[in-house]
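Take a look at the letters that make up each chain.
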Amino acid sequence: MIREIKMSENKQWIIGIDLGTTNCTLAFAEFDPSLPPTSQPLIHQFSIPQLAAAGEEQELPSLPSFLYFPLQEELKAKSAALSWDAEREFCVGTFGRDRGGELPDRLISSAKSWLCHSGVDRRSAILPPHADESPKMSPLEVTAHLLRHLKEAWDTKMPEAPFVEQKILVTVPASFDPSARELVQEAARLANYPETILLEEPQAAFYAWMHQHHDIWRNNLLQVGDSILVVDIGGGTTDFSLISILDEAGNLTLKRQAVGSHLLLGGDNLDLSLAYLAQNKLEEQGHHLDERQLQALTQTCRHAKELLMSENPPKHVDVTVMGRGSKLIGGSLKTKITLAEAKAILVDGFYPLIAPEDRSPTEKRLGLQQIGLPYAQDPRITSQLAKFLSMTGEGDRGSMEEFVLPSKILFNGGTMKAQAFQDRFVELLNNWATTLNKAPIQVLPNPDLDFAVSRGAVYYGLARQGKGIRIKSGTSRSYYIGVEDAVPAIPGMPTPLKAICVVPFGMEEGSEKELPDQEFSLVVGEPTTFRFFSHATQKFADGTDPEIGTIIKQWKQELTELPPIETFIEKMEGDGKTLRVKLKSRVTELGTLELWCVSSTNQHWKLEFDLRQK
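Residues numbered from 1 in each chain as written. Predicted model: local features only at pLDDT ≥ 70, side-chain atom pairs only at ≥ 80, totals over all residues. Heavy atoms only, no water.

**Some remarks on the overall build of the protein chain**
- Tallying secondary structure elements over the protein chain gives 14 helices and 29 strands in all.
- Here the C-alpha atoms of the protein chain give a radius of gyration of 25 Å, agreeing with the 25 Å that 2.2 N^0.38 yields for 614 residues.
- Counting only C-alpha atoms, the protein chain reaches 80 × 65 × 60 Å along its principal axes.
- Expressed as a percentage of the 614 residues in the protein chain, the buried residues total 53%. (Helix = DSSP H or I, 4+ residues; strand = E, 2+ residues; numbered from the N terminus. Rg over C-alpha atoms; globule rule 2.2 N^0.38 Å. Buried < 20%, exposed > 50% of the residue type's maximum accessible area, 1.4 Å probe, protein only.)

The following block contains the structure:
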């Protein structure tokens, strides 16, 4: 417990934060340079002060990632007041989640998912998205408030060790693009964080597992040649990563092999599916549920899911929701969900047994859409996994040549607490192993499904100081600048565009590369904009491995377009209309990508991500 930790003014702590879509957690460990590299420092879990109910502050192991705007009468009653801020006008955490469930128009959820949604202006006050009377905030502001609450909670409990003097690491989905990572850094700056290092969540989960099994994983659990699939399914998102075990000059090393797309598909989808089942049953009884009752029913079904998907499930679970009229007996409506119904919807619906060729197709969205999050269109998580392991990236080709069947699997995320889901993953992968004449999959034991990400972030912070082994990762995608061809204009035909690789796959942190043989003309005195693209896997469909400077002409078939990037060069006296520059890319030690224009006189202009909705 934190109260048992003896503080001193000259101690420094490494703090790891899991900025989760549904819950945030914080872990920490002392950084002691005098300890030998083989030692394993204790990693502590931080209990987070927050409102558990109106005016009732408690320390809880996680901070729900919800922000609620109280009603005026609640503000007058100081319902959102904290011990360190009596005038707080909004509420994050447990009370915010629970009270906001009763008043959904005043509740902001999934701010992290909005932060990576390139179809909206993430600095504009757009949340809650469909509320007319509630105050609003931007995804950036909400993220900053969640981070600020964690900082304030630390400073309240640990006054001898100010937060700004510690080493801070924050986790993000492995699939976050450069603009989303930059926004997380911006949110941290708004929350008055010191320099903050970003780490991919699946890697953090694996680091936590290594720390937990530090005495046996090298000799008993992992071998050279292993490929570990990390399946991270939380309340709102699904993330897949592959990590390889290699032998380099006799030393065992870890390398991140691939990461999947950012999928807005998780436990919330499952809860809502059960809620719709229960709603249909209640409607068959003659009851009609309004929006608030459906919200409450969804919360009840979350608990029902956990019971029905457990290792020893009951045959059925009763679900209850409050009624709306005095004629209702007991003031509530009641139905039940059977184990067979839950398995049919949750296990067979979201985790069907499929062939490895049955992959989720590349998603195509309509030009006109209601404002909202880009949820995954295919809810079959196993088909999304087949797509990821096929290593086909953005393409839909049916080849099995690059298909990777892992030898080990590590589960992470609250949704994967359900034993039925773990069992289905193992059954599926073993079916594929039989089909492909491979050895059966092995499950890595004893994962910490709730707190691994924050604890793994701490381990990574220790590893950066030489106190642990690091995974070789680098960029999880390759990135490209769009350049128009210099050809005569043709009426009715757009100017041909080619994409040039400026960041190869796996470019290491702390490294930089310059585009060697390409020069660009930047207009002086007005913004210059470049189209920006990425590719999800190391190789293209034809097997080529792009390097910096590689030109892609068929980019529509291979690349995903990202928000554009732009720069501005102020026009000085005597300057011409344009300036010739080269492009340079840099992956920072903090985990972000920077692109620069460099003139022949070594002047530098940074290319910024254009985050405004077009």
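**Describing the side chain of S390**
- Along the chain, the position of S390 falls in the loop between helix 11 (381-389) and strand 17 (408-412).
- For S390, a relative accessible area of 1% translates into the label buried.
- Other than its neighbours up to four places away in sequence, S390 contacts R359, E402 and F403. (Contact = heavy atoms within 4.5 Å.)

**Remarks on the pairing of strand 11 (residues 196-200)**
- Most of strand 11 sits out of view: 5 of its 5 residues are buried.
- Pairing of strand 10 (residues 167-172) with strand 11, which is carried by 5 bridges, proceeds in the parallel orientation. By the bridge assignment for strand 11, I168 is matched with T196.
- Each parallel crossover has a hand, and the one from strand 10 via helix 5 (residues 178-190) to strand 11 is right-handed. (Pairing = 2+ DSSP bridges. Right-handed = clockwise from strand over helix to strand, strands pointing away.)

**Notes on the domain arrangement of the protein chain**
- In terms of domains, the protein chain is made up of domain 1 (13-198), domain 2 (202-264 + 354-364 + 374-455), domain 3 (267-349) and domain 4 (474-607).
- Computed from C-alpha atoms alone, the centre-to-centre distance between domain 1 and domain 3 is 30 Å. (Domains from an automatic or database assignment.)

**Description of the confidence of the model for the protein chain**
- Summing up the model confidence of the protein chain, the mean pLDDT is 87 and the portion of residues at 70 or higher is 93%.
- Within the model, the stretch residues 365-370 combines pLDDT values under 50 with 5 contacts to residues more than four positions away or in other chains. (pLDDT = per-residue confidence, 0-100.)

**Quick word on the packing of helix 8 (residues 267-284) against helix 10 (residues 339-350)**
- One way to put it is that helix 8 packs onto helix 10 with a least axis distance of 11 Å and a crossing angle of 145°. Helix 8 and helix 10 meet at a crossing whose hand is right-handed. Seen from helix 8, the contacting residues are N269, L270, S273, L274, L277 and K281; seen from helix 10, they are E341, A342, I345, L346 and F350.
- Of the residues belonging to the contact of helix 8 with helix 10, the class tally is 7 nonpolar, 2 polar and 2 charged. (Axes fitted to C-alpha atoms, helices over the stretch in contact; angles between N-to-C directions. Left-handed = near helix turned anticlockwise from the far one by under 90°. Nonpolar A, V, L, I, M, F, W, Y, C, P; charged D, E, K, R; others polar.)

**Regarding a negative patch on the surface**
- On the surface, D105, D132, E133 and E291 cluster together to form a negatively charged patch.
- Looking at the secondary structure, you find D132 in the loop between helix 3 (111-115) and helix 4 (139-157). (Patch = residues over 30% accessible without salt bridge, like charges linked within 9 Å, V, L, I, M, F, W, Y side chains within 5 Å. Areas by Shrake-Rupley, 256 points an atom, 1.4 Å probe, with all protein chains shown as cover. Salt bridge = Lys/Arg side-chain N within 4 Å of Asp/Glu carboxyl O. Lys, Arg positive; Asp, Glu negative; His and termini not counted. Charge placed at Lys NZ, Arg CZ, Asp CG, Glu CD.)

**A word on the state of the cysteines**
- Throughout the structure, instances matching the rule amount to 0 disulfides.
- This cysteine, C24, is not joined by any disulfide, and C91 carries the nearest cysteine sulfur, 13 Å off. (Disulfide = S-S within 2.5 Å.)

**Quick word on the nonpolar core**
- Judged by nonpolar contacts, the single largest core of 57 residues is most densely connected at L229, L385, F425 and W432.
- The greatest single-element share of this core, amounting to 8 residues, is contributed by helix 12 (residues 419-435).
- Inspection of this core shows a minimum of three residues originating in each of domain 2 (202-264 + 354-364 + 374-455) and domain 3 (267-349).
- Membership of the second largest hydrophobic core comes to 47 residues, among which are F90, A180, L183 and A187. (Core = buried A, V, L, I, M, F, W, Y, C linked by side-chain atoms within 4.5 Å.)

**Some remarks on the packing of aromatic side chains**
- Overall, the coordinates contain 18 aromatic pairs when judged by the stated rule.
- Each ring, one from F28 and one from F46, has its centre 6.3 Å from the other, and the planes form 80°; the classification is edge-to-face. Taken together, the residues span a long stretch of sequence, with F28 in strand 2 (residues 23-31) and F46 in the loop between strand 3 (44-45) and strand 4 (48-53) at a distance of 18 residues.
- With relative accessibility at 0%, the residue F28 sits in the buried group.
- Summarising the aromatic geometry, the rings of F206 and W209 are spaced 5.9 Å apart at their centres and angled 20° between planes, so their arrangement reads as stacked. (Phe/Tyr/Trp six-rings, centres within 6.5 Å; stacked < 30°, edge-to-face > 60°.)

**Considerations on the sheet that holds strand 7 (residues 67-68)**
- Strand order in the open sheet formed by 3 strands is 8-7-9, with antiparallel pairing between adjacent strands. Lying at the two open borders of the sheet, with one neighbouring strand each, are strand 8 (91-92) and strand 9 (107-108).
- By the bridge criterion, 2 bridges tie strand 7 to strand 9 in an arrangement that is antiparallel. Among the inter-strand pairings, Y68 is bridged to a residue of strand 9, identified as L107.

**Considering the pattern of salt bridges**
- Taken as a whole, this structure holds 34 salt bridges when the rule is applied.
- A salt bridge links E102 to R99, with the shortest nitrogen-to-oxygen separation between them at 2.7 Å. Separated by 3 residues within a single helix, E102 and R99 lie in helix 2 (residues 94-102), roughly one turn from each other.
- Of the charged contacts, one joins R123 and E186 as a salt bridge, the two residues approaching to 2.8 Å between their closest N and O atoms.

**Focus: the environment of H149**
- Within the secondary structure layout, H149 lies in helix 4.
- Residue class for H149 comes out buried when judged on its relative accessible area of 1%.
- Along the primary structure H149 and L63 are separated by 86 residues, whereas in three dimensions their C-alpha atoms are 9.1 Å apart.
- For H149, the residues in contact, after removing those within four places along its chain, are I48, P49, Q50, L63, L82, W84, R88 and V92.

**A word on the sheet that holds strand 14 (residues 251-259)**
- If you trace the 6 strands from one edge of the open sheet to the other, you get 18-17-12-13-14-19, paired in mixed fashion. Where the open sheet ends on each side, the last strands, each with one partner, are strand 18 (442-443) and strand 19 (471-472).
- Two elements, strand 12 (residues 227-233) and strand 13 (residues 238-248), share 7 bridges in a ladder whose sense is antiparallel. Each bridged residue has a counterpart across the sheet, and for S227 the counterpart in strand 13 is S244.
- Packing against the sheet, helix 11 makes contact with strand 12, strand 13 and strand 14, and its axis sits at approximately 35° to strand 13.

**A few points about helix 11**
- Burial of helix 11 is extensive: 9 of the 9 residues sit out of reach of the surface.
- All buried positions along helix 11 are accounted for by I381, T382, S383, Q384, L385, A386, K387, F388 and L389.
- Residues of helix 11 that are buried make contact with strand 12, strand 13, strand 14, helix 10 and helix 12.
- Looking at the residues trailing helix 11, positive phi occurs at M391, about 60°.

**Observations regarding the environment of F350**
- Mapped onto the elements, F350 comes out in helix 10.
- Taking the relative accessible area as the measure of exposure, F350 reaches 6% and is therefore buried.
- For the pair formed by F350 and N602, sequence separation is 252 residues and the distance between their alpha carbons is 54 Å.

**Things to note about the side chain of T196**
- Along the chain, T196 turns up in strand 11.
- Reaching out from T196, the side chain makes a polar contact with the backbone oxygen of P194 at a distance of 2.8 Å.
- Dropping the residues within four chain positions of it, T196 is found in contact with I168, V170, Q185, A188 and L590. (Polar contact = N/O pair within 3.5 Å; in protein donor to acceptor, adjacent residues only side chain to side chain.)

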